[in-house]
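Take a look at the letters that make up each chain.
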Amino acid sequence: MSDLKSFASDNNSGTHPAIMEAVVKANEGHLKSYGDDEISIRTDEAFKEFFGSQARIHYVTTGTAANVLGIRAVTHTYNSVICAAQAHINNDECGAPEAFGGIKLVPVPSKDGKLTPGMIAPYLGHIGFVHASQPKVISITQPTEVGKLYSLKEIEDIVEFAHDRDLLVHLDGARMANACAALNCSFFDMTTALDVDLISFGGTKNGCMMGEAVIFLNPDIGEGFNYLRKQAMQLVSKMRFVSAQLERYLADDLWLTNARQANAMAKRLADKAGAINGVEIIGSVDCNAIFAHIPPKATDTLLEKYYFYVWDEHNHTVRWMTSWATTENMVDEFVEDLRKAVKAVS
Ligand SMILES: Cc1ncc(COP(=O)(O)O)c(C=O)c1O
């Protein structure tokens, strides 16, 4: 077993044992391929219970694929997509939206990765002007890349603003389970009920092995997605192994249990670390990401034993992240080592 002690990313956690079991179970016998198998069909139905019967669900293996293909399916090459500057599609997808999707992104400066109608409005001046790319999608991330939450009302306001202008709203939900757990609401409340048009639904960070989905909620969009996914090499032949993960993820509130654990461990870490002299927790801890200022020498000491990101070298900001697999003991041991490391340099 690896002895890496990670507070770097929820991606560093393994697969939840119940999901692993579901994958092993899915290994029995011959089943149809490319999503025509009974597990994928059952999983589609399970998703519809959460998102409504009009939802159309398409499984992919990465969140980047979900974002790029979902947005590609609803845009022409002359369209643009408005997102926060911090958005994963803008910063962390190696130009895939541009290279594979032909998607022009319009990044909007934001403090916390969130957008508001007021922030978006100045970027819509060229609607109808033939020389300018035409805005088509507003993409928001919930929770944002810096761990902040939109309230349901804030999402609703963006959707209303978008629809009034014939724009669509895409929600990057790589961690939407953490958001729903924190806001104490359902997936339906956060998306379908607010008229969000399409979602990148993430399971990987919260216990799946590699389970993501593009979900179209608006019945008028997403035509031809199946062909697009195949073109983009994301039509998995043995799809049952992807859908089996998500079927188990949705069952028995596993998604919620896992997300609650990740969020609770972040809160525990922030509360305990924040009480140490010389450690400053930056802003609110809404879900499972924590940003903190700690002395750089303490960072060096901690990095000898733990793995986490130095987010901004210049102002000594680090990011710690918890996951479904983070335990109280792990947090407490980390905080104790943090306390010693900070004391040694102060
Ligand atoms: C906000 C957000 N969207 C999407 C993704 C999905 O990325 P990947 O392609 O690595 O699964 C991530 C992963 O870090 C993310 O943080």
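None of these values were measured; they are calculated from a predicted model.

### Quick look at the overall build of the chain
So, step 1. Across its full length, the chain holds 14 helices and 13 strands.
So, step 2. Compactness check: the chain gives a C-alpha radius of gyration of 21 Å against a globular reference of 20 Å for 346 residues, within 12% of the reference.
So, step 3. Projected onto its principal axes, the C-alpha coordinates of the chain cover approximately 60 × 55 × 35 Å.

### Considerations on the sheet that holds strand β12 (residues 309-312)
So, step 1. Read from one edge of the open sheet, four strands run β9-β10-β13-β12, paired in antiparallel fashion. Pairing within the sheet leaves two strands with one partner each, and these edge strands are β9 (280-281) and β12.
So, step 2. With respect to the sheet, helix α12 (residues 254-274) is in contact with β9, β10 (289-293) and β13 (317-321), its orientation differing from that of β10 by roughly 15 degrees.

### Description of helix α13 (residues 296-303)
So, step 1. Every buried residue of α13 is listed here: A298, T299 and L302. Mapping the buried residues of α13 onto a view down its axis gives an arc of 105 degrees, with all of them on the same face. Residues P296 and D300 are exposed on α13 and point more than 90 degrees away from its buried face.
So, step 2. Looking at the buried positions of α13, the neighbouring elements they touch are β11 (306-307), β12, β13 and α14 (328-345).

### Comments concerning the site of the ligand
So, step 1. Inspection of the region around the ligand gives T62, G63, T64, N67, H88, T141, E145, D172, A174 and T204 as its neighbouring residues.
So, step 2. The dominant element in the shell around the ligand, judged by the number of residues it contributes, is helix α3 (residues 63-72), at three residues.

### A closer look at the nonpolar core
So, step 1. By size, the foremost hydrophobic cluster in this structure holds 99 residues, and its most contacted members are I138, I215 and L269.
So, step 2. With nine residues, α12 is the single largest residue contributor to this core.
So, step 3. Each of two domains, domain 1 (5-11 + 254-345) and domain 2 (16-252), supplies a minimum of three residues to this core.
So, step 4. Not counting chain neighbours up to four residues away, the residues in contact with L269 comprise I290, W320, T322, V331, F334 and V335.

### Looking at the packing of α13 against α14
So, step 1. Packing of α13 against α14 leaves a shortest axis separation of 8 Å and a crossing angle of 140 degrees. Classed by the angle they form, the pair α13 and α14 counts as oblique. Where α13 crosses over α14, the handedness of that crossing is right-handed. Contacts between α13 and α14 involve K297, A298, T301 and L302 from the former and D337, L338, A341, V342, A344 and V345 from the latter.
So, step 2. Tallied by class, residues from the contact of α13 with α14 come to seven nonpolar, one polar and two charged.

### Description of unusual backbone geometry
So, step 1. A cis amide bond links Q142 with the next residue in sequence, P143, at an omega value of -10 degrees.
So, step 2. Relative to the assigned elements, P143 resides in the loop between β5 (134-141) and α7 (152-164).
So, step 3. A positive phi is found at N184, a non-glycine position, where the angle reads about 55 degrees.
So, step 4. Tracing the sequence through the fold places N184 in the loop between α8 (176-183) and α9 (187-190).
So, step 5. Residue classification places N184 among the exposed positions, given that 9 C-beta atoms sit within 10 Å.
So, step 6. One non-glycine residue, D253, lies in positive phi territory at about 55 degrees.
So, step 7. Counting through the fold element by element, D253 comes out in the loop between α11 (240-250) and α12.
So, step 8. Classification of D253 by C-beta neighbours within 10 Å gives exposed; the count is 11.

### Re the sheet that holds strand β2 (residues 56-60)
So, step 1. Sheet architecture is open: seven strands sit in the order β2-β8-β7-β6-β5-β3-β4, paired in mixed fashion. The outermost strands of the open sheet, each flanked by one partner alone, are β2 and β4 (104-108). On average, each strand axis in the sheet is inclined to that of its neighbour by 20 degrees, with strand direction left out of account.
So, step 2. Relative to strand β7 (residues 198-202), strand β6 (residues 168-173) runs parallel, the two being bridged by four bridges. In the strand pairing of β7, H170 is matched with L198.

### As for the packing of helix α1 (residues 17-25) against α11
So, step 1. Closest axis-to-axis distance for the α1/α11 pair is 8 Å, and the angle between their directions is 140 degrees. One element, α1, and the other, α11, form an angle in the oblique class. Of the two elements, α1 crosses α11, and the hand of that crossing is right-handed. Every residue of α11 that contacts α1 at A18, I19, A22 and V23 is listed here: F241, A244, Q245, E247, R248 and Y249.
So, step 2. Taken together, the residues that form the contact of α1 with α11 break down as seven nonpolar, one polar and two charged.

### Looking at the domain arrangement of the chain
So, step 1. You can read the domains of the chain as domain 1 (5-11 + 254-345) and domain 2 (16-252).
So, step 2. Each of domain 1 and domain 2 was reduced to a C-alpha centroid, and the two centroids are 28 Å apart.
So, step 3. In this assembly, 17 residues from domain 1 lie in contact with 22 residues from domain 2.
So, step 4. Listing elements by their share of the side of domain 1 that touches domain 2, those giving two or more residues are α12 and β10.
So, step 5. Looking at the side of domain 1 that touches domain 2, the element that brings in the most residues is α12, giving eight residues.
So, step 6. For the side of domain 1 that touches domain 2, the per-class residue count stands at ten nonpolar, four polar and three charged.

Conventions used here
Residues numbered from 1 in each chain as written. Predicted model: local features only at pLDDT ≥ 70, side-chain atom pairs only at ≥ 80, totals over all residues. Helix = DSSP H or I, 4+ residues; strand = E, 2+ residues; numbered from the N terminus. Rg over C-alpha atoms; globule rule 2.2 N^0.38 Å. Pairing = 2+ DSSP bridges. Contact = placed C-beta atoms within 7 Å. Axes fitted to C-alpha atoms, helices over the stretch in contact; angles between N-to-C directions. Buried ≥ 20, exposed ≤ 12 C-beta atoms within 10 Å, placed from the backbone. Arc of directions from axis to C-beta. Near = placed C-beta within 6 Å. Core = buried A, V, L, I, M, F, W, Y, C linked by C-beta atoms within 7 Å. Domains from an automatic or database assignment. Parallel < 35°, antiparallel > 145°, perpendicular 65-115°, else oblique. Left-handed = near helix turned anticlockwise from the far one by under 90°. Nonpolar A, V, L, I, M, F, W, Y, C, P; charged D, E, K, R; others polar.

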